[in-house]
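Observations on chain architecture
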Amino acid sequence: MKHYIIVKYKDEVSEADRSRIAGEAEALFKDLVGKYDIRGVDVYKNCTPRPNRYDLMICVDMPASSLALYDESSEHKKWKADYGRYIANKAIFDCE
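Residues numbered from 1 in each chain as written. Predicted model: local features only at pLDDT ≥ 70, side-chain atom pairs only at ≥ 80, totals over all residues. Heavy atoms only, no water.

**A word on the pattern of salt bridges**
Evaluation of the coordinates by the stated rule reveals 9 salt bridges. A salt bridge links Glu24 to Arg20; the nearest nitrogen and oxygen atoms lie 3.0 Å apart. Within this pair, Glu24 and its partner Arg20 are both found in helix H1 (residues 15–30), separated by 4 residues, close to a single helical turn. By relative accessible area, Arg20 is classed as partly exposed at 31%. Connected through shared salt-bridge partners, Lys2, Arg39 and Asp61 make up one network. (Salt bridge = Lys/Arg side-chain N within 4 Å of Asp/Glu carboxyl O. Helix = DSSP H or I, 4+ residues; strand = E, 2+ residues; numbered from the N terminus. Buried < 20%, exposed > 50% of the residue type's maximum accessible area, 1.4 Å probe, protein only.)

**Looking at the packing of aromatic side chains**
Counted by the stated rule, this structure contains 4 aromatic pairs. Look at Phe29 and Trp79: their rings are 5.5 Å apart centre to centre, the planes differ by 75 degrees, and that puts the pair in the edge-to-face class. Of this pair, Phe29 sits in helix H1 while Trp79 sits in helix H3 (residues 74–83), and the two are 50 residues apart along the sequence. Judged by its relative accessible area of 0%, Phe29 is buried. Overall, Trp79 belongs to the buried group, its relative accessible area being 3%. An aromatic cluster of at least three residues, connected via ring pairs, comprises Phe29, Trp79, Tyr83 and Tyr86. (Phe/Tyr/Trp six-rings, centres within 6.5 Å; stacked < 30°, edge-to-face > 60°.)

**Examining the layout of surface pockets**
Space inside the largest pocket adds up to approximately 300 Å³. Taken together, 13 residues form the lining of the largest pocket, with Tyr9, Glu15, Arg18, Pro49 and Asp55 sitting closest to its centre. Going through the elements one at a time, strand E1 (2–9) and H1 are the ones with two or more residues in the lining of the largest pocket. The leading source of residues in the lining of the largest pocket is H1, at 3 residues. In terms of residue class, the lining of the largest pocket is made up of 3 nonpolar, 2 polar and 8 charged. (1 Å grid on protein atoms, 1.4 Å probe; cavity = no way out; pocket = protein on both sides within 12 Å on 5 of 7 lines; lining within 4 Å. Points joined across faces, edges and corners; volume = space filled by probe spheres on them. Nonpolar A, V, L, I, M, F, W, Y, C, P; charged D, E, K, R; others polar.)

Below, the structure is given as structure tokens:
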């Protein structure tokens, strides 16, 4: 399955921080590849900076059976603990 994390930053997050967060998120989530049967990770930054757009999308490719292990992983916990303060809103979407 594909597990998407789609992020809208808080308005006060600077462009420099947005770029830094994207790079750090990519490094953090790429560390998951090979763990918990995670097959791949892709990170995308929005290319049309409009107020009604989300800013970052992370796609984790894994079997649905790995979702609980991923949720408890140190990488996922670090993402939430270290970057949650920058996020105004997020959507989680899983699909086959």
